[in-house]
Amino acid sequence: MHALPFTAEPSSTDTVERDSTAGDVSGLPSPASGAHRAPCDFDVIIAGCGPTGAMLAAELRLHQVRVLVLERETEPVSFVRIVGLHIRSIELMAMRGLLERIRERGRQRPAGAYFAGIDKPAPAGLDSRYAYLLGIPQPVIVQLLEEHAIELGAQIRRGCAVAGFVQDDDGVTVELADGEQLRTRYLVGCDGARSTVRKLLGVGFPGEPARTETLMGEMSVGVPQEEVAAKLAEVGETNRQFQLRPFGPGVYSVVVPAAGISDRAEPPTLEDFAQQLRAIVGTDFGVHSPRWLSRFGDATRLAERYRVGRVLLAGDAAHIHPPAGGQGLNLGVQDAVNLGWKLAAQIRGWAPETLLDTYQTERHPVAEEVLENTRVQVELFSTEPGPRAVRRLLAELMDFDEVNRYLLEKITAIGVRYDFGEGPDLLGRRLHDIDLKQGNLYGLLHRGRGLLLDRTERLTVGGWTDRVDQLADPTAALDVPCVLLRPDGHVAWIGDDQQDLDDHLSRWFGKPN
Ligand SMILES: Cc1cc2nc3c(=O)[nH]c(=O)nc-3n(C[C@H](O)[C@H](O)[C@H](O)COP(=O)(O)OP(=O)(O)OC[C@H]3O[C@@H](n4cnc5c(N)ncnc54)[C@H](O)[C@@H]3O)c2cc1C
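Predicted, not measured: the structure shown is a model, and the values here were computed from it. Going along each chain's sequence as written, the residues are numbered from 1 onward. The predicted nature of this model means local features are confined to residues of pLDDT at least 70 and side-chain atom pairs, given and counted, to a pLDDT of 80 or more, with totals for whole chains, interfaces and linings taken over all residues. Hydrogen atoms and water are omitted, and side-chain values are computed over all heavy atoms in the structure.

Caption draft 1: Geometry of the pairing of strand β1 (residues 42-47). The rule is simple: take the accessible area with a 1.4 Å probe, protein chains only, and divide by the maximum for that residue type; under 20% is buried, over 50% is exposed, in between is partly exposed. Secondary structure elements follow DSSP: runs of H or I of four or more residues count as helices, runs of E of two or more count as strands, with numbering from the N terminus. Extensive coverage of β1 is indicated by the burial of six of its six residues. Each pair of strands is called paired provided DSSP finds at least two bridges between the two strands. In the sheet, β1 pairs with strand β2 (residues 67-71) via four bridges, with the strands oriented parallel. Across the sheet, Ala 47 pairs through a bridge with Leu 70, a residue of β2. The definition of a right-handed crossover adopted here requires that, viewed with the strands pointing away, the path from the first strand over the helix to the second runs clockwise. What joins β1 to β2 is helix α1 (residues 51-61), and the crossover it makes is right-handed.

Caption draft 2: Spatial organisation of the nonpolar core. Counting residues in each nonpolar core, the largest one holds 117 residues, and the members touching the most others are Val 44 and Leu 343. If you tally residues by element for this core, the top one is helix α8 (residues 328-348), at 11 residues. Whether two residues are in contact is decided by their heavy atoms: any pair within 4.5 Å suffices. Once residues within four sequence positions are removed from consideration, Val 44 is found in contact with Leu 60, Val 65, Arg 66, Val 67, Leu 68, Thr 184, Tyr 186, Val 188, Leu 343 and Ile 347. Formed by 18 residues, the second largest nonpolar core is a distinct cluster that contains Met 219, Phe 242, Val 254 and Val 287. The term nonpolar core refers to a set of buried residues drawn from Ala, Val, Leu, Ile, Met, Phe, Trp, Tyr and Cys, joined through side-chain atoms within 4.5 Å.

Caption draft 3: Spotlight on the packing of aromatic side chains. For Phe, Tyr and Trp, where Trp contributes only its six-membered ring, two rings pair if their centres lie within 6.5 Å, and the inter-plane angle classes them as stacked under 30 degrees, edge-to-face over 60, or tilted in between. Applying the stated criterion across every chain, the model contains six aromatic pairs. With centroids separated by 6.0 Å and ring planes inclined at 35 degrees, the aromatic side chains of Trp 350 and Phe 509 adopt a geometry described as tilted. Within this pair, whereas Trp 350 is found in the loop between α8 and α9 (358-381), its partner Phe 509 is found in helix α12 (residues 498-509), the two being separated by 159 residues in sequence. Owing to a relative accessible area of 17%, Trp 350 belongs among the buried residues under this scheme. Between Tyr 418 and Phe 420, the aromatic rings sit 6.1 Å apart at their centres with planes inclined by 40 degrees, giving tilted as the arrangement. A residue is classified by how much of its surface remains accessible, and Tyr 418, at 5% relative accessible area, is buried. What makes Phe 420 buried here is its relative accessible area of 6%. Members of the aromatic cluster, each reached through a chain of ring pairs, are Trp 341, Trp 350 and Phe 509. To sit over a ring, a charge needs its Lys NZ or Arg CZ within 6 Å of the ring centre and within 35 degrees of the ring normal. The ring of Phe 205 has Arg 198 sitting right over it, with the charged end atom 3.6 Å from the ring centre.

Nothing here speaks to function; it is geometry throughout.
Set out below in structure tokens:
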């Protein structure tokens, strides 16, 4: 399959739309602005139905955007890659009314001990009522997010790989592997680390190639659990390059280095795992009956751009890094929540001119920061004397609450602060959930709209009521008079002056009606 020729893209500001028909959800094609072009079948096509693609589809549907997700695989993948959702992602699930159903399928664990696996409890008094890790396998998260997106009206087609596209002033023509062509106003590549969309777009993906490969799988052991635990305690002290985590009665998640093992192009075998365990631990624990086996590398790369005209990148398509700290899926879901409302605003025609570009200016530095902290963690996992000494020192430093808190806020993403210009420290940060006179704050964000939380009972969102809700609550536990929240829960404005509020409503939510 050859890619369709990729045409020179319009500059990002050229593509701002003022199409008031975009809110039509009848399922009929929107009128294309260029008469020579085929009308668009969809507002947004998302390539890839992993966690990022599924979350983005749901976010777009909150704003009635006509969205199609194209997924290459015919069946959901069963690899259990992830330890869980960190605090900010749990908060996002609460903000979208998804937390209860996700919590039913996961296990609450303490939030601490995720920075390079240094075993310290989470600091006291974390700034979140969801201060825990929600252990839940990746396939379950994807299934729940996919169900949520479908409930909201997203279409998902499996067994459809995006193979090419061409963009023009009015939209993008997407070609599937079987030659079918679909027309959309925007295309988002959520198609993972080897993203076809990113490659076709020609966006650079600089960084470091994989230095080491690791095997990961889930399998049964042929010895009692106590025997495994005793051996791990003995060997784990000096060798951190393998892991065995219990995953059910007699079943373990096994991680071992792939160095010197089989052909990289071939899928790993059970014997590969057994051989590595014998070499490192001295026994293979009689492993048998694998549920799945996989291999991953520690490449670290970041896309140079997240947007080229009408085509955007999110999740692993935009950034990859070793799984230290368990951040990749969380980062992708958070990309999706940042992008969803902005792209929806663009399509519905009310986006301020530079809003869509703030996706890159806000999220690119966050990914850069995650790449940086995973580089640090990889060094700290080394068993060389130098890194081991640094690890011991850092473990001592983490006994200071401030250090421990700083690192935990990094891993869990509750420390993220977008640059919205000069202002109080809260500006640009996410607001934690608080009790209100009726219910709680995150309960008011389920629809993905902006929110004015007003303790003065004097202010109004006036001409923006179709995009922004408001609640006057003098009892709200805030130490500022009023806050304006974006749909992603970040603080866009703090103050008590109506004119200043109106200016900021225009900045984030466009012209009033
Ligand atoms: C061993 C390991 C452990 C990890 N542990 C954690 C953890 O604990 N916590 C955490 O947050 N993250 C973890 N991660 C990272 C996490 O798995 C990824 O960051 C996450 O899967 C990224 O989600 P995504 O939706 O962006 O991409 P993916 O999950 O890769 O999904 C991309 C989807 O696109 C599809 N696709 C690909 N090409 C095409 C195409 N051309 N057309 C249509 N569809 C296409 C694929 O089939 C796939 O379904 C781990 C990763 C590994 C390898």
